[in-house]
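# Results of the structural survey
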Amino acid sequence: MRSGLALLAWIGVGVALIALPHGLSFSQQEILVFLTINVLLVASYRMLTLTGEWSLGHVVIMGVGAYASALYSKHFGVFVPAAMLLGAMTAALIAMGLSYPLFRMKGFYFLIGSFAAGEIIRLLWKRFREPFGGVKGITGIPPVPDVNLGIWDFVFFDPISYYYFVLAVVSFCLWLMWRIERSPVGLTFHAVHWQDKLAEAAGVNARAYRTLAFVIASGFAGLAGALQAHYIGAVNPTSFDIEQMVFVLTWAIVGGTATFYGPILGCIVLTVLNEIVLRGLGFEQTRPLIYGLLLILSVLFLPKGLESLVGRVLPRRATSRTRAIIGAEEKA
Amino acid sequence: MIDLIAQTGLNALYAAAYLSLVAVGLVLIFGVMGIVNFAHGELFMLGAYVVVALYAGGQVPYLAVVAIGLAFVGVVGLLMEWTMFRPLRDNPLGGLVASIGFLMILQALVSMGFGVRMAHVPPFTQDVIAFSDRVRLPVQRLIVIGAAVVLLGALWLFLKRTRFGWALRASAQDREAAALQGISINQTARIAMFIGAALAGVAGALTAPLISVNPHMGHSVIVAAFIVIIVGGVGSLEGAVIAAVAYAFIHTIVTTFWDGVIADIVGLSLMLLVLIVKPTGLFGTADRA
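Residues numbered from 1 in each chain as written. Chains lettered and ligands numbered in written order. Predicted model: local features only at pLDDT ≥ 70, side-chain atom pairs only at ≥ 80, totals over all residues. Heavy atoms only, no water.

### Description of the environment of A:Ser69
Note on placement: A:Ser69 falls in helix α3 (residues 58-75). In this structure the side chain of A:Ser69 is engaged in a polar contact, spanning 3.4 Å, whose partner is the backbone nitrogen of A:Met84. (Helix = DSSP H or I, 4+ residues; strand = E, 2+ residues; numbered from the N terminus. Polar contact = N/O pair within 3.5 Å; in protein donor to acceptor, adjacent residues only side chain to side chain.)

Structure, rendered in structure tokens:
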């Protein structure tokens, strides 16, 4: 009976997500496309934080996926969806390389080290006109080729079409990440975070699992970057700078990272607030002011994030396993 | 060639002067409160805008404006301590995010008050000390260097010779042990925050006539300051000063002979190298991660 209800709820959510863009203005549809991509980005960021390390280089890793996919498709004529996958793999590979120096550090040092590594990559894009295009970046990136599926004519310049494409890809990736987190590997990520000495004593190679979480998260972030690059048609170093990283960090922290949906919730709430409510109410100039104030207030008065509110409203939704995880975090 | 090297050396000395003022404040705040103040570059920016508001507009003498900048930004630091860092003391990540929020507020307020364009600051003095035809040191830069030496010297005396200074260093070493000795943690946090913020503010006020003043100028300053405190060793004030001098020299030389972006890459690579080889920094001892 409960699974039947859950299925109905998921179908309802799906229908709502498919109907959503038709009630929005053109600029809101564009925001929706970026919001969906950012949901993938912030969910992948949570995967990275599962092992307890907070990176400041995640947006640059996203950029690696974007640049790689753009270069593969533009210079080597790779079929765009394949280029996107290759871009994601490139991001994962670069992350693999970075993990050797970075995972010699922990905590604050990892934070700063990941920032330095990311910034070096970003400055290389900025410095080298060949092949990265320098400050202006790469323009004229080929779009996803149009297809006609009979029920819907996908023209990917149109935000609605691209939204459906992104929605399908992101949903699949979220499902994958959810499965990974619930698998023995994902549970080991939690163990490495909360009980790393005990996990190591039990024969778990903590560093290998940290690296694995970092690489998987980077692959998904790279895919998010590729999805963004082929929609905008251009990438440049500024779109992956520390300011963008700060946004991802605040989505995750305002949403809360104890649950799978926390960062996604933070991303959606803050984006809607920032792009639609504040802009709609005419607070154009004071937007960063209000955003900054909300950030401080949420850290001060809602330290466990928006997800803790959801937990209060819907206590039955938490499964015994998530409750165990949240309980472990409260004790730590 | 000798001229070029001498001139580069003078440029580096000036960069080291204001950079060490910013970095020492950052180290002090991190040491006593365990919070990474991401808004530190914006405190620097605020100091510069005090000069824009008072010196460029009114008839207030320059040194008075610098003193006002020091006091004003110090008080802003107290405000940050009181509203954010005290409630978030046991939550480093929360403190970091709150300081990012504060950074956005400061940027927005300054943009609203002064506009996002570059602000013009008239030079305090046009005098130049010419060592030779090609080696010249503007007096304005000499003031920055002199002020940095005086202020850092005063800070050193304060930390090593006064009871407040001992209390500050004690709570930087071990907060709980310091509290058990009857040291007020709230008071040392306030002092550290005031001094740290005031140093950033005075650095901004002193350099305002020499650099481009805009609401986003804090970014490059904070990145350089992070490199300096990591290389010098988080928590080591002497290390921060030495690293600031070394970083300024390397950065200025690479900028002179190659370009600014390469210099940034070199700086960040050095920081990464230090993090890999000796994460406690060249002069740090305690691991405070």
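Continuing now.
### Description of the interface of chain B and chain A
Facing the 41 residues of chain B at the interface are 36 residues of chain A. For the chain B and chain A pair, buried surface summed over both sides reaches about 3400 Å², with 86% attributable to carbon and sulfur atoms. Put simply, chain B and chain A have one salt bridge between them. The partner of A:Arg127 in a salt bridge is B:Asp259, and the shortest N-O contact between them spans 2.8 Å. The tally of links from chain B across to chain A stands at two residue pairs in polar contact (both at pLDDT 80 or more). Of all the secondary-structure elements, those providing two or more residues to the side of chain B that touches chain A are α3 (62-85), α4 (92-114), α9 (218-232) and α11 (260-277) of chain B. Counting residues per element, the side of chain B that touches chain A draws most heavily on α4(B), at 13 residues. Residues of the side of chain B that touches chain A, tallied by class, amount to 31 nonpolar, six polar and four charged. (Contact = heavy atoms within 4.5 Å. Buried area = accessible area lost by both parts, 1.4 Å probe. Salt bridge = Lys/Arg side-chain N within 4 Å of Asp/Glu carboxyl O. Nonpolar A, V, L, I, M, F, W, Y, C, P; charged D, E, K, R; others polar.)

### Overview of a nonpolar patch on the surface
Taken together, the side chains of A:Ile268, A:Val272, A:Ile276, A:Val277, A:Leu281 and A:Phe283 present a nonpolar region at the surface, about 450 Å² in accessible area. Relative to the elements of secondary structure, A:Ile268 occurs in helix α12 (residues 261-280). (Patch = residues over 30% accessible without salt bridge, like charges linked within 9 Å, V, L, I, M, F, W, Y side chains within 5 Å. Areas by Shrake-Rupley, 256 points an atom, 1.4 Å probe, with all protein chains shown as cover.)

### Brief notes about the packing of aromatic side chains
Residue and element names in this part refer to chain A. Per the stated rule, a full pass over the model turns up 21 aromatic pairs over all chains. Ring geometry for Phe103 versus Phe214: centroids 5.4 Å apart, planes at 85°, classification edge-to-face. Here Phe214 lies in helix α10 (residues 206-232) and Phe103 lies in the loop between α4 (80-102) and α5 (107-127), a separation of 111 residues in the sequence. Accessibility expressed as a relative area gives 9% for Phe103, which makes it buried. For Phe214, a relative accessible area of 3% translates into the label buried. Ring pairs connect the aromatic residues Phe34, Tyr162, Phe165 and Tyr231, which therefore count as one cluster. (Phe/Tyr/Trp six-rings, centres within 6.5 Å; stacked < 30°, edge-to-face > 60°. Buried < 20%, exposed > 50% of the residue type's maximum accessible area, 1.4 Å probe, protein only.)

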